[in-house]
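What follows is the residue order along each chain.
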Amino acid sequence: MPGIDKLPIEETLEDSPQTRSLLGVFEEDAAAISGYFSQIFKAMQRIYDAQNELSAATHLTSKLLKDYEKQRFPLGGDDEVMSSTLLQFAKVIDELSSCHAVLSTQLADAMMFPITQFKERDLKEILTLKEVFQIASYDYDVAVNRYSRLSKRKENEKVKSEVMEDVYTSRKKQHQTMMHYFTVLNTLQYKKKMTLLEPLLGYMQAQISFFKLGSENLTQQWEDFLTDIGTSVQNVRREMDGEVEAMQQTILDMEQASDPLYMPDPDPSKIPVNRNLTRKAGYLNRRNKTGLVSSTWDRQYFFTQGGNLMSQSRGAVAGGLVLDIDNCSVMAVDCEDRRFCFQITSFDGKKAVILQADSRKDCEEWIATINNISKRIYLSENPEETAARVNQSALEAVTPSPSFQQRHESFRPNTQGGPRTARSGSQCSVGSESPVLSCLALDSLVAPDTPIQFDIISPVSEEHASQAKSGAQGRRTNPFGELGGSQSEEREDSILHQLFIVRFLGSMEVKATENADVIYETMRQILAARAIHNIFRMTESHLLVTCDSLKLIDPQTQVTRLRFPLSSIVLCSTHQENKRLFGFVLQTAGGRVDGRPVTVCYVLESNNDGEKICDSVGLAKQIADHSEMDRKATQKQRDLEKVKEKQKEELNKQKQIEKDLEEQSRLIAASSRPNPPTADGQFVVLSNSPSEDSEIGEEGQKKRESEA
């Protein structure tokens, strides 16, 4: 190691400028050493702190690995393999934590202690001696200056001695302080090298000891274990990479497929409406009334759960029940301030909810889904297939089903020799096996080219328009079979009054009235036409069944929209599968086509079982029939009594005529008999007896009758 520069202690008493200049160089070197070693101390302190943190973190990691089996992860079950593996890792990390604790202790003793001692003791000592040396030099300069100002004249010896004593003391102090200061500065040149090398040596020895200790603890068994774990991690990584690649591909496919769905109202021709859903979820706006006129719309997440409609606000943990949609009714409604709105009404009609969808497609899918749930299709084994089959049967309005054709084989004509022609007005499928037979079978039930009426048109305005003509032409009939002015003549003492909530689906003219097949076919065509033309709105009414008629009453105004005389209803039946659908055939009182009365089939949907309504109509007809029979029997009895009274009057008249004739004949006989003259020349005819007179009277009457 090269020689070290020193401050000359021998020259401290002389305190020459050269010595002071050399002292300044050593002071600059001491300041540089202090700054550099402060940085070294901070770096080694960070190493020590990091080692302590590593030891504590390793111990905490081991503790957390041991607590893995106590955790309850929502998506992870009890993984015993993972738990045992982590326990083995915890054991290894425990040993490593012990090694790190030993390393921390060694670093504290061999690295941090020497440099801390140098920083806290040696460098501070130099600073302290520097301050003391500066004070001593200043005191000596003051004492010398005072001594130099002593006068040549004789003065007080006491003052002179004090000044000299002061110079002596200050110079001695400066000299001693300067020698110690020079010694410390000279020693610093050696200590800086030792203080720099000793912490590094302690750090390296501690690390070597740590590695040796770790090598002894990590045996071959642990190396095999770590190798197996590394292989497992690589397998998991490959599986993750494959899953990530699959998810990236899924994202690309979803982006391409979902691009049209980003539009708020997509084109229905590009994205068709799925009417076979039995479950649906999505955001809808719900209308809430805040006053008589005002209302607000709240956006919530709605979803179906079985036969219930649920809603859930964003951020809520669970959803709440909105409405029971079993046997409910749903239809599109017009709102003044919103589009794509539909209304759901409970089965009892007491609760209604108005919702708004984001698009027409979404609105129609919600309506179709709730309709399917309302029919309880979701309870079947394959709800989607059942809904598809029901909707397919409704959409096949142009093709009669094979079972329907088999039921009407009797209508098939012999077409072996005749040309295969069909009526243009019949609805036939292009690819059917026998379109002529199918068309003829349909034509035998439903009139061809018959328009379908989807809404109720009240005939009130029509009655007022022709009220002037009705007086001259007598009672007229409207297209619904309702007699003008018949409502005022309806009896109010009917023993049957049953009210049902129904929705009008449509009506059309039919031809056959023999069995219920005509109602089934009408239902099929009306439902198919509604599905094809996207007609979902239905007019809700109250159906009142009495012994005289059926009435469709407006639930708001209680005005009778339509009235059907019970005597004109010839058939009533429900749908084979959906028992809430029912229809009846009405034979109108006026108007004839091809010599037969016009018959119209009306199709409605009820909140309850349609069979109850049909039973009620049947009961009303039975009561009406019994009432009619009683009325006819009473009328017949009255007619018989009138005939008897008339016969009695005729007999009385005949007797009166006979009496008058007898009296007249008596008078004639008396006037024609010769009488003897009396005293004044007159004659008086005297009869022998009353019997004789009666005989003469009878003979005269007979004679007069013969002459007449």
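Residues numbered from 1 in each chain as written. Predicted model: local features only at pLDDT ≥ 70, side-chain atom pairs only at ≥ 80, totals over all residues. Heavy atoms only, no water.

Overview of the overall build of the chain
Counting secondary structure elements, the chain contains 14 helices and 14 strands. Burial status across the chain gives 36% buried among its 708 residues. Restricting the contact set of the chain to residue pairs at least 6 apart, pairs at least 24 apart contribute 65%. Here the chain displays about 44,100 Å² of accessible surface, and carbon together with sulfur accounts for 53% of that area. (Helix = DSSP H or I, 4+ residues; strand = E, 2+ residues; numbered from the N terminus. Buried < 20%, exposed > 50% of the residue type's maximum accessible area, 1.4 Å probe, protein only. Contact = heavy atoms within 4.5 Å. Areas by Shrake-Rupley, 256 points an atom, 1.4 Å probe, with all protein chains shown as cover.)

Let's talk about the side chain of Arg563
As for its placement among the helices and strands, Arg563 is situated in strand β11 (residues 560-565). Side chain to side chain, Arg563 and Ser549 meet in a polar contact 3.5 Å long. (Polar contact = N/O pair within 3.5 Å; in protein donor to acceptor, adjacent residues only side chain to side chain.)

Side note on the pattern of salt bridges
Scanning the entire structure with this criterion turns up 22 salt bridges. Between Arg503 and Glu605 there is a salt bridge; the shortest N-O distance is 3.5 Å. One end of the pair, Arg503, is in strand β8 (residues 498-510); the other, Glu605, is in strand β14 (residues 596-606), and 102 residues separate them in sequence. In this structure Arg503 comes out as buried when scored by relative accessible area, which is 1%. Classification of Glu605 as buried rests on a relative accessible area of 5%. (Salt bridge = Lys/Arg side-chain N within 4 Å of Asp/Glu carboxyl O.)

Observations regarding the sheet that holds strand β7 (residues 352-356)
Within a sheet, adjacent strands bond to each other through the backbone by hydrogen bonds, running parallel or antiparallel. Read from one edge of the open sheet, 7 strands run β4-β3-β2-β1-β7-β6-β5, paired in antiparallel fashion. On the outer flanks of this sheet lie β4 (320-324) and β5 (329-333), each paired with one strand and no other. The sheet shows a mean angle of 40° between the axes of neighbouring strands, direction not considered. In this structure, strand β6 (residues 341-345) lies alongside β7, joined through 5 bridges in antiparallel fashion. When the sheet's bridge partners are listed, Ile344 is paired in β7 with Val353. Relative to the sheet, helix α5 (residues 360-374) contacts β1 (281-289), β2 (295-305), β3 (308-312), β5 and β6, its axis offset from that of β6 by approximately 15°. (Pairing = 2+ DSSP bridges. Axes fitted to C-alpha atoms, helices over the stretch in contact; angles between N-to-C directions.)

Considering the state of the cysteines
By definition, a disulfide links the sulfur atoms of two cysteines through a covalent bond. Under the definition given, this model contains 0 disulfides. As a non-bridged cysteine, Cys614 has Cys572 as the owner of its nearest cysteine sulfur, 3.2 Å distant. (Disulfide = S-S within 2.5 Å.)

Some details on the packing of aromatic side chains
Applying the stated criterion to the full structure yields 10 aromatic pairs. A centroid spacing of 6.2 Å and a plane angle of 35° characterise the contact between Tyr301 and Phe303, whose relative ring orientation is tilted. Judged by relative accessible area, which is 30%, Tyr301 ranks as partly exposed. With a relative accessible area of 18%, Phe303 lands in the buried category. A centroid spacing of 6.4 Å and a plane angle of 55° characterise the contact between Phe504 and Tyr602, whose relative ring orientation is tilted. Here Phe504, found in strand β8, pairs with Tyr602, found in strand β14; they are 98 residues apart in sequence, far enough to count as distant. Residues Phe504 and Tyr602 agree in their burial class; the two are buried. In this structure, Lys119 packs its charged tip against the face of Phe41, placed 5.2 Å from the ring centre. (Phe/Tyr/Trp six-rings, centres within 6.5 Å; stacked < 30°, edge-to-face > 60°. Lys NZ or Arg CZ within 6 Å of the ring centre and 35° of its normal.)

Overview of helix α13 (residues 610-672)
Helical geometry note: an α-helix holds 3.6 residues per turn, so side chains three or four residues apart project in the same direction. Counted at 1.5 Å a residue, the expected span for α13 with its 63 residues is 93 Å, and the 91 Å between its end C-alpha atoms agrees. Restricting attention to buried positions, one finds in α13 the residues Gly610, Ile613, Cys614, Ser616, Val617, Ala620, Ile623, Ala624, Ser665 and Ala669. (Expected span 1.5 Å × (residues − 1).)

Regarding α5
Along its 15 residues, α5 runs 21 Å from first to last C-alpha, staying within 8% of the 21 Å computed at 1.5 Å per residue. Summarising burial for α5: 14 of the 15 residues are buried, a large majority. Looking one or two residues past α5, Arg376 carries a phi angle of roughly 60°, positive in sign.

Looking at unusual backbone geometry
Of note, the phi angle at Asp15 is positive, near 50°, even though the residue is not glycine. Among the secondary structure elements, Asp15 is positioned in the segment before α1 (17-66). Unlike most non-glycine residues, Phe340 shows phi in positive territory, near 55°. Among the structural elements, Phe340 can be located in the loop between β5 and β6.

Points about the confidence of the model for the chain
Residues of the chain with pLDDT of at least 70 account for 78%, and the chain-wide mean is 77. Scored below 50 in pLDDT, residues 397-440 shows 48 contacts in the model against residues more than four places distant or in partner chains. Counting interchain partners and residues more than four positions distant, the pLDDT-below-50 stretch residues 459-492 has 48 contacts. (pLDDT = per-residue confidence, 0-100.)

Topic: the pairing of β5
Most of β5 sits out of view: 4 of its 5 residues are buried. Bridge count between β5 and β6: 5 bridges; the pairing is antiparallel. When the sheet's bridge partners are listed, Met331 is paired in β6 with Gln343.

Some words on the environment of Tyr301
Among the secondary structure elements, Tyr301 is positioned in strand β2. With 18 residues separating them in the primary sequence, Tyr301 and Gly319 have C-alpha atoms 8.7 Å apart. Sequence-distant contacts of Tyr301, defined by excluding residues within four places in its chain, comprise Ala281, Gly282, Tyr283, Met310, Ser311 and Gln312.

Quick word on the packing of α1 against helix α2 (residues 80-148)
Contact geometry for α1 and α2: axes closest at 7 Å, N-to-C directions at 160°. When the interaxial angle is binned, α1 and α2 end up roughly antiparallel. As α1 runs across α2, the sense of the crossing is left-handed. Partitioned by chemical class, the residues of the contact of α1 with α2 number 28 nonpolar, 15 polar and 6 charged. (Parallel < 35°, antiparallel > 145°, perpendicular 65-115°, else oblique. Left-handed = near helix turned anticlockwise from the far one by under 90°. Nonpolar A, V, L, I, M, F, W, Y, C, P; charged D, E, K, R; others polar.)

Things to note about a negative patch on the surface
Taken together, the side chains of Asp139, Asp141, Glu165 and Asp166 define an acidic patch exposed on the protein surface. Mapping Asp141 onto the fold places it in helix α2. (Patch = residues over 30% accessible without salt bridge, like charges linked within 9 Å, V, L, I, M, F, W, Y side chains within 5 Å. Lys, Arg positive; Asp, Glu negative; His and termini not counted. Charge placed at Lys NZ, Arg CZ, Asp CG, Glu CD.)

So, the environment of Pro272
For Pro272, the location among the structural elements is in the loop between α4 (220-258) and β1. Sequence separation of Pro272 and Glu365 is 93 residues, and the distance between their C-alpha atoms is 9.8 Å. Residues in contact with Pro272, not counting those within four places in the same chain, are Lys361 and Glu365.

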